[in-house]
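# A structural walkthrough
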Amino acid sequence: MVVNRAFLDALVAALLEYGYRVLGPVFQNGSIVIDDLTSTADMPVGWTDEQSPGNYRLCHSADGQLFGWTVSPASPKALLFPPRVTVWQRGAGRDDFSVPFAQPVAITGATKSAISTVSKPQSTGSTGKVLSDTELTFSASGTTHFNPRSNRDDRHLLALVGIRPCEAAALEINDAVFMKGSFPDPFYCERRSDMFLLVAECASSNASCFCDSMGAGPGIDSGFDLAVTEMLDEDGEYSYFLRIGSQRGEELFTVAVEQASSIGVGTDPSIEPSTGMDRGEGDGKDIPTFVELSDLSNSVSQSTSMQRASCSLNYSLEEVLAKRDAQLQHAKELQVGMHPRVAELLRRNLDHPIFTDIAGRCLACGNCTSVCPTCFCSDVVDKNDMHGAISRERSWSSCFNAAHSELHGQPVRHSVASRYRQWLTHKFSNWYDQFGTSGCVGCGRCITWCPVGIDVRQEVAGIASDADMKGDMQSTGSHGPS
Amino acid sequence: MRDLPMDVLISRHPLLAGLPNDILLLLAGCARNVPFHAGTLLLSEGDTADTFYLIRRGRVGIEVHDPRRGRVVVETVGPGSVVGWSWLFPPYRWHFDARAIDEVGTIALDGACLRTKAEADPVVGYELMKRLSNVLLERLQATRVRLLDLYGDGKVS
Amino acid sequence: MVTEKSVEPFRGPIPESGSRHPLLPTPYRVVKRVVETDTVVTLFLEALEGGNLTFRPGQFNMLTAFGVGEIAVSISGDPLDGGPIRHTIASVGAVSHALCSLRVGSLVGVRGPFGNGWDLTGVTGMAGSATQDVVVVAGGVGLAPLRPAVLELLKMKEEGRGRVVVLIGSRSPDQVLFKEELDVWRTRGAHVEVTVDRADASWRGSVGVVTSLISSAPFDPHDAFSLVCGPEVMMRFTARALLDKGMHEDKIQLSLERNMQCGIGWCGHCQLGPYLLCRDGPVFPYGGRLAELLAKREL
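Keep in mind the model is a prediction, meaning the values are calculated, not measured.

Moving on, we come to the overall build of chain C. A count of helices and strands for chain C gives 6 helices and 16 strands. In terms of C-alpha radius of gyration, chain C reaches 19 Å, essentially the compact-globule figure of 19 Å for 299 residues. Seen through its principal axes, chain C has C-alpha atoms that stretch 55 × 45 × 45 Å. Sequence-distant contacts, at least 24 apart, represent 69% of the contacts inside chain C between residues at least 6 apart.

What chain A contains, in helices and strands, is 15 helices and 13 strands. Out of the 482 residues in chain A, the part that is buried amounts to 59%. By sequence separation, contacts in chain A at least 24 residues apart represent 71% of the contacts at least 6 residues apart. Only carbon and sulfur atoms are counted for the fraction: they give 52% of the accessible area of chain A, which is about 18,500 Å².

On to unusual backbone geometry. Here the amide bond leading from B:Pro90 into B:Pro91 is cis, since omega sits at 5°, within 30 degrees of zero. The residue B:Pro91 is located in the loop between β6 (82-83) and β7 (97-100) in this model. Residue C:Gly281 is joined to C:Pro282 through a cis peptide bond whose omega torsion reads 10°. Assignment of secondary structure puts C:Pro282 in the loop between α5 (277-280) and β16 (283-285).

Looking now at the side chain of C:Ser206. Mapping C:Ser206 onto the fold places it in strand β11 (residues 206-207). At a separation of 3.2 Å, a polar atom in the side chain of C:Ser206 contacts the side chain of B:Arg59.

All names here are of chain C. Taken across its 8 residues, strand β6 (residues 107-114) has 8 buried, putting it largely inside the fold. With 4 bridges joining them, strand β1 (residues 26-35) and β6 adopt antiparallel strand pairing. Opposite proline 27, over in β6, you have glycine 109 as the bridge partner.

This paragraph deals with the sheet that holds β6(C). Residues and elements named next belong to chain C. If you trace the 6 strands from one edge of the open sheet to the other, you get β4-β3-β6-β1-β2-β5, paired in antiparallel fashion. Both outer strands of the open sheet, β4 (69-74) and β5 (85-90), are each paired with one neighbouring strand and no more. Strand-to-strand, the axes of this sheet are offset by a mean angle of 40°, without reference to chain direction. As paired strands, strand β2 (residues 40-47) and β5 are joined by 6 bridges and run antiparallel to one another. By the bridge assignment for β5, threonine 42 is matched with threonine 88.

The subject of this paragraph is the confidence of the model for chain C. Residues and elements named next belong to chain C. The pLDDT averaged across chain C works out to 86; a share of 90% of its residues lies at or above 70. Low pLDDT, under 50, characterises residues 1-17; the stretch is placed with 55 contacts to residues that sit more than four places away or in other chains. Both scores are given for the predicted complex: the pTM is 0.82, the ipTM 0.86.

Rules used in this analysis
Residues numbered from 1 in each chain as written. Chains lettered and ligands numbered in written order. Predicted model: local features only at pLDDT ≥ 70, side-chain atom pairs only at ≥ 80, totals over all residues. Heavy atoms only, no water. Helix = DSSP H or I, 4+ residues; strand = E, 2+ residues; numbered from the N terminus. Rg over C-alpha atoms; globule rule 2.2 N^0.38 Å. Contact = heavy atoms within 4.5 Å. Buried < 20%, exposed > 50% of the residue type's maximum accessible area, 1.4 Å probe, protein only. Areas by Shrake-Rupley, 256 points an atom, 1.4 Å probe, with all protein chains shown as cover. Polar contact = N/O pair within 3.5 Å; in protein donor to acceptor, adjacent residues only side chain to side chain. Pairing = 2+ DSSP bridges. Axes fitted to C-alpha atoms, helices over the stretch in contact; angles between N-to-C directions. pLDDT = per-residue confidence, 0-100.

Here it is in structure tokens:
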């Protein structure tokens, strides 16, 4: 079906009503970050981002466009795998024997739809609760640099509104690490199991994007609750092709429709949209509207009244799908892809001289690992206070730190070349061995946020062209024992 | 053990195993059985190096005497290995002591005899040198590994 | 007062209600402490509540020295004796030093056991190949994770399995672990040889690298398998010596070590190319990709 922006607001309202903490892209401090949303007005309306190796800039785009930007520096990873989290704490006390250990944490493991289990709006999301006593806390309070407002709320029922297909794909990659292994991470599972995803497809790409070659965008066909495709109408307004991807999405959609009906708008045939560009009171754009698209060739929807609510929604499903295809095609054509055989190329070229060459440029700053939506390395460190209280903290780590590979106090990966190789080969090659998929979704953050503009696609292409010249995928470098 | 012919005896040592019979016979002419009791010296630092020992049983310690630490065993060699290189090169003087740790059975090959036969027949000489070099290489590599002090990363505190 | 129940670490895919958080240690108490060498201590640990964990030879635990940190330490005890959990720890860093300094009665945090452990199916009787010889090669504290395997192998040997050869390399005679116990192993039928890097005249054993013991050790290389643990360089040389002797590369098992901060595949520190050592190892056959990986520098 096709909906208008007001209907998206109704969806957000419904999510909030059901106790979700609704998070999505927000324009903040000259950047787009993921933060709490109450309506689409909080989103970066009318903004677009210019991204290229080592470059990120926000500019004004078309008025009223919600999804004119591509990806923000922040990824949803931090909601599930916070940059810093206290794993456990033990109170002060000198007598070890009397120090109470923390109660084990109860893990609900519930994967049922939050909507299905939450009966009515006033009950907030109570699935996925951490039971902790004072001695042990699992809290998201450390997510400050990601989300400064998160201290106020530690609800685990999260709805992500307006994330990108590549980000949804990244969440599935994270799942393999933190949820699907032998040791599921309770913090992750609690938030992820009931997470609601409203994914916005991409109509464009920035110069760092390569999701198409990684099979992670710009469109999305599964792995979402609701998906929207923003489309510009002939009259200069935006409407949204909405698809339902889950039971949960269906339920939420129904709730939003009920809400729209109950306030008597959107379905009222007497309300005619104004045709002007102004968005004043009584404008049809403010009325939550959806149009059920019927059979392909039939442009007449089931509900003429709703259709008349906004002339901008006058499409057949055929037209909408064609328009979506054209947009996705456009986004793909803007992309420079990753080499299709990158995994094999890297596996065979661990000693390629390009790693030394890259090391001459790479600052080993770890920006790429920080912005990467799938990088999962962490450090586990104990902190003490003067009274003997201990807290164990888990924080993001980076394979670009020398200490990352430390063995008996000495780094295994002394050189930056070896650390870059670790990162690149892990992401694009070893990930298959470890988790059965690529570790990359082609979001391009590592390219945009590299301070010296190292472009993984270009570097891999360099290895590939060497391999091509040699007629196979072998390249220089010793393969025997050194 | 019954008295086997010397060429058969030396052919059972890994160093010379697989050599053609004529070479074995030739080398057997330089060889004799020499046993050592535990604690006795096979060779002594500074003495004339005139013998090459093939170890058949028991272990031999290669030692050096340090006035401060006494006898220091730098390496032990066991059955199937060999002791003594200095007979190969002038001035033919032993650089270390070699002492039987257990009851040791050896075949002693006369150094001068071996040298003469190797000089006279380069085929014999080359074959002998290849086999000796291989043992030397193994010893060199083992020594290098020990120089790494692999187990020495624990800190005493 | 301790209020929580000690729960067996879960291994299922979905954490069940009440499951212990995988990063939360269980309190154990040091009930015995043995000084093995000037840098190595063995701690015997008893769970405060709920019984001790069970493990397989070659597995490891994450041990917490409270207030200092947590490290991976292999288990050196007998998996079948049901007694305290035994850890033989070399003091090489801040946490291991703190653990080595603990006294009887101290509290230690334990998580585990983790890792795959040694594959002993070769001896336990796979399709008639039950008489294979086993060559255990240990370097330094590498003997610690091998001890449970040796004990299990000796039990199997008593049931008529193949020969058990234990070759031990150490820095010096005073650094040899479990010295008294080695004689017990000998009386139980194991062929045990020790070689050291340096020794004075009082040392009647061998001097030299551990690989030099392989050539004369009594085993059939074509029908034997090997368990190797020690410094990585030592393991590379040992694996090659065993290959040279005729052993198949898939029958040589190495226990690898890297920085491990979680033990459960989350932290990413213990990667070696395609492997997360804590999750996929720490024991790997030398065949397959391992030989190539170990030969790569700074991997």
